[in-house]
Amino acid sequence: MNKLNKNLFRLSLLGCGLVLSSCGRTAGLDVTIIEPCSQTGVVDDLANEFEIDVSRLTTSGEIDEVLSSSSFKSGTNLPSVSFELDETVVMRIKGYSDGSTSGAPSIVGSSAALQAERDEGHVVMMVGRANAFERATTLNDNNEIICSDRVAVQRFGHTATYLSSINKVLIFGGATWIPSPGTSLEGNTHCKLFGTGAGEVRCMEYAETIGLYDPVDGSLTEIPTNSPVNKRAFHTATRFERDSGVEGVLISGGFFGKDRLDVASTAALIDVEALNEGRFEFDNFSMSEPRSMHTAAFLPEEGNIYIIGGCSGNGCLPDGLATSGATNLDTSGSQAIIEVFNVNTEIISTMLIDDATATSMARSHHASSVADGRIIISGGVYYDTAARGSRCDIQVIGRSPNTGQVEVVTDRVPAETRSMGDYCPMLHSQVTLPGDNLSDEVVMITGGYTGLTEDPTLATSPANISNRIMYRSIGDAHANLESNAGTLRSARARHQSIQLWGGDVLIFGGTLASENGAVVTELYKRDLGAPRMNIEETTSTIPQSLADTSLTLTGNNQVLSFGGYVSLDGTTSARAQVFLSAP
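Analysis parameters
- Residues numbered from 1 in each chain as written.
- Predicted model: local features only at pLDDT ≥ 70, side-chain atom pairs only at ≥ 80, totals over all residues.
- Heavy atoms only, no water.
- Helix = DSSP H or I, 4+ residues; strand = E, 2+ residues; numbered from the N terminus.
- Buried < 20%, exposed > 50% of the residue type's maximum accessible area, 1.4 Å probe, protein only.
- Pairing = 2+ DSSP bridges.
- Axes fitted to C-alpha atoms, helices over the stretch in contact; angles between N-to-C directions.
- Polar contact = N/O pair within 3.5 Å; in protein donor to acceptor, adjacent residues only side chain to side chain.
- pLDDT = per-residue confidence, 0-100.
- Contact = heavy atoms within 4.5 Å.
- Phe/Tyr/Trp six-rings, centres within 6.5 Å; stacked < 30°, edge-to-face > 60°.
- Salt bridge = Lys/Arg side-chain N within 4 Å of Asp/Glu carboxyl O.
- Disulfide = S-S within 2.5 Å.

## Quick notes on unusual backbone geometry
Step number 1: The phi torsion at S38 lies on the positive side, around 70°, for a residue other than glycine.
Step number 2: Tracing the sequence through the fold places S38 in the loop between β4 (25–34) and α1 (42–46).
Step number 3: One non-glycine residue, D548, lies in the positive phi region at around 60°.
Step number 4: Tracing the backbone through its elements, the reader meets D548 in the loop between β41 (532–538) and β42 (550–553).
Step number 5: Accessibility expressed as a relative area gives 12% for D548, which makes it buried.

Shown next as structure tokens:
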């Protein structure tokens, strides 16, 4: 490799280098390799044998098959590879330190989706140590890499959504705690006392900009919005595609003001193409009910986004539960009403469900994901006029194969495990995985708070934070819930999990049983013979707790972590970190 400076490598592939050919037509690509911050020189230091492959992508962005694969040594030109001009492909590089291409790679990198006619000329790839978090780089117009701890606005309670049509991550909303001397806590629910003794009063301030992260060069751009729409936290951001193929994002609910009743009853439809041009444009819609700390999920077969649960009024605070008083199920407690947004007609409607199901649906601080064309909801908190507590059930929302109507099926966690207090999680995480022999899908549920306290951020006793892993198979409407499927290395809540390209699951961040000390990032390997995740490898320790961070998988096989609580003393992060997983 030809090293130009200590941060930038360039592989000159024009002419005799990487050649994209079809029917006698060739296109040369000049490839620039950049490294994350704190990884200066690791490509040369950790690898002497490299492997490059070009893989075809499906229309949904998944890897279909490897078209070509070649090996080369450090200091030599890349071998020629080829693909049809009308194909969409991804280029992946793996580096090995043992002189061969066997075993686990020490260096990895992936390109965005490539098309020969569109991408002729120059490709930038971020390459670095396999399975390690590092700060993202910023590449300026002179191809100089800039590293900074403060790359953007501090945020927690934000969302981060990967947009495949522009290959960027939209970071929307969020807030931070600002020191506010002399502010009274009485009647001001968006302010909080941090620290010991007299402490320090801090109040929530909402982000004035939205962010766009580019996984090609690691840059993060802040776009001023001059709009109150983005000034919200603990909302949802749901990516979708219309029947026409046009991509969009629906923002729903969230906190937006300084009073506990300031919970949004609006949704905003974001124009993705305008974002790519540096403009913030949107359409506003009214929802029937205000809600925050809810979930939303898109079912592409129907073209519908389901907005589920949440809390408002006295039942909800920006980072915890209500500190006093009972709440109702209608407009000031847990939301029992499901709203449905059709992405093609742009109409929001209310889903009618029977009273008994509506009562059991009312919850916030829960998790949801899509599996086998249905939405799976787990755990959470409920409020009613007499009491509040944790939900010990899992609900499946989907269309009945018999009637074609949307139905809600409830599965109770076995009573013997409920009595242990371990399986009514709130602020937990779940992710959808392939099922047994890839025949159906499984939801993996990890961690969460299991003891209902006045403020979950203070639930630091090991008895209140779970290290459990549960699985729920979706192939059968009442399939078994395996409630003792394994344990995490670190009991945690307010964390994130995500499935990587190869099927492994990364579990990141969260609040531990102790507020002090680092969080261990866990990488679980998929056993395709059974719905199990066996811990085979752990990544580098995160030097901060990073509760309420966001975790997003990009089209470059990067995982982006952004923002979150650095610690529970009110300090909020503005750091963008990338995790490069072995493809």
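So, next bit.
## A few points about the sheet that holds strand β23 (residues 282–286)
Step number 1: Spatial ordering of the open sheet is given by β20-β21-β22-β23, a layout of 4 strands whose pairing is antiparallel. Edge strands, defined here as strands with exactly one partner in the open sheet, are β20 (236–241) and β23. Ignoring which end each strand starts from, the neighbouring axes of this sheet average 25° apart.
Step number 2: Note: β20 against strand β21 (residues 247–252), 6 bridges, orientation antiparallel. For F240, the partnering residue across the bridge sits in β21 and is G248.

## What to know about the pairing of strand β26 (residues 338–342)
Step number 1: Burial runs high along β26: 5 of the 5 residues are buried.
Step number 2: Neither face of β26 is open: one carries I338, V340 and N342, the other E339 and F341, and all of them are buried.
Step number 3: Relative to β26, strand β25 (residues 304–308) is paired through 4 bridges, and the arrangement is antiparallel. Each bridged residue has a counterpart across the sheet, and for I307 the counterpart in β26 is E339.

## Focus: the side chain of T209
Step number 1: As for its placement among the helices and strands, T209 is situated in strand β18 (residues 209–214).
Step number 2: Taking relative accessible area as the criterion, T209 reaches 14% and is therefore assigned buried.
Step number 3: At 2.3 Å, the side chain of T209 and the side chain of E222 are in polar contact.

## Here we look at the confidence of the model for the chain
Step number 1: The pLDDT averaged across the chain works out to 77; a share of 72% of its residues lies at or above 70.
Step number 2: Predicted confidence is poor over residues 321–333, with pLDDT under 50, and the contacts of this stretch with residues over four places away or in other chains come to 46 contacts.
Step number 3: Considering only residues more than four positions removed or in separate chains, one finds that residues 454–461, a stretch of pLDDT under 50, has 30 contacts.

## Here we look at the packing of aromatic side chains
Step number 1: Inspection of the entire model under this criterion finds 11 aromatic pairs.
Step number 2: Each ring, one from F280 and one from F282, has its centre 5.3 Å from the other, and the planes form 35°; the classification is tilted.
Step number 3: Residue F280 is classed as buried on the basis of its relative accessible area, which comes to 12%.
Step number 4: Among the aromatic residues, ring-to-ring pairing joins F156, W177, F234, F255 and Y565 into one connected group.

## Some details on the side chain of T549
Step number 1: Structurally, T549 can be placed in the loop between β41 and β42.
Step number 2: Given the relative accessible area of 4%, T549 is considered buried.
Step number 3: Looking at T549, its side chain comes within polar contact range of the side chain of S561, at 3.1 Å.

## Some points on the pattern of salt bridges
Step number 1: The final tally for this structure, using the stated rule, is 18 salt bridges.
Step number 2: In this structure, R494 engages D548 in a salt bridge whose closest nitrogen and oxygen atoms are separated by 2.5 Å. Placement of the pair is R494 in the loop between β37 (481–487) and β38 (496–499) and D548 in the loop between β41 and β42, with a sequence separation of 54 residues. The exposure classification of R494 matches that of D548, with both residues buried.

## A look at the pairing of strand β13 (residues 159–163)
Step number 1: Within β13, 5 of the 5 residues are buried, which leaves the element mostly enclosed by the surrounding structure.
Step number 2: In β13, alternate side chains face the same way, and those of T159, T161 and L163 on one face and A160 and Y162 on the other are all buried.
Step number 3: As paired elements, β13 and strand β14 (residues 168–172) share 5 bridges and run antiparallel to each other. Across the sheet, the residue bridging to T159 is F172, located in β14.

## Things to note about the state of the cysteines
Step number 1: Tallied over the full model, the rule gives 2 disulfides.
Step number 2: Residue pairing for C37: its cysteine sulfur links by disulfide to C147, the two sulfurs lying 2.4 Å apart. Handedness of the C37-C147 disulfide follows from its S-S torsion of about -110°: it is left-handed. Taken as a pair, C37 in the loop between β4 and α1 and C147 in the loop between β12 (145–146) and β13 lie far apart in primary sequence, 110 residues in all.
Step number 3: Overall, C37 belongs to the buried group, its relative accessible area being 1%.
Step number 4: One disulfide bridge connects C191 with C203, the sulfur atoms lying 1.9 Å from each other. Of note, the bridge from C191 to C203 carries an S-S torsion of about 105° and is right-handed in sense. Taken together, the residues C191 in strand β16 (residues 191–194) and C203 in strand β17 (residues 200–206) connect sequence positions 12 residues apart.
Step number 5: In this structure C203 comes out as buried when scored by relative accessible area, which is 8%.

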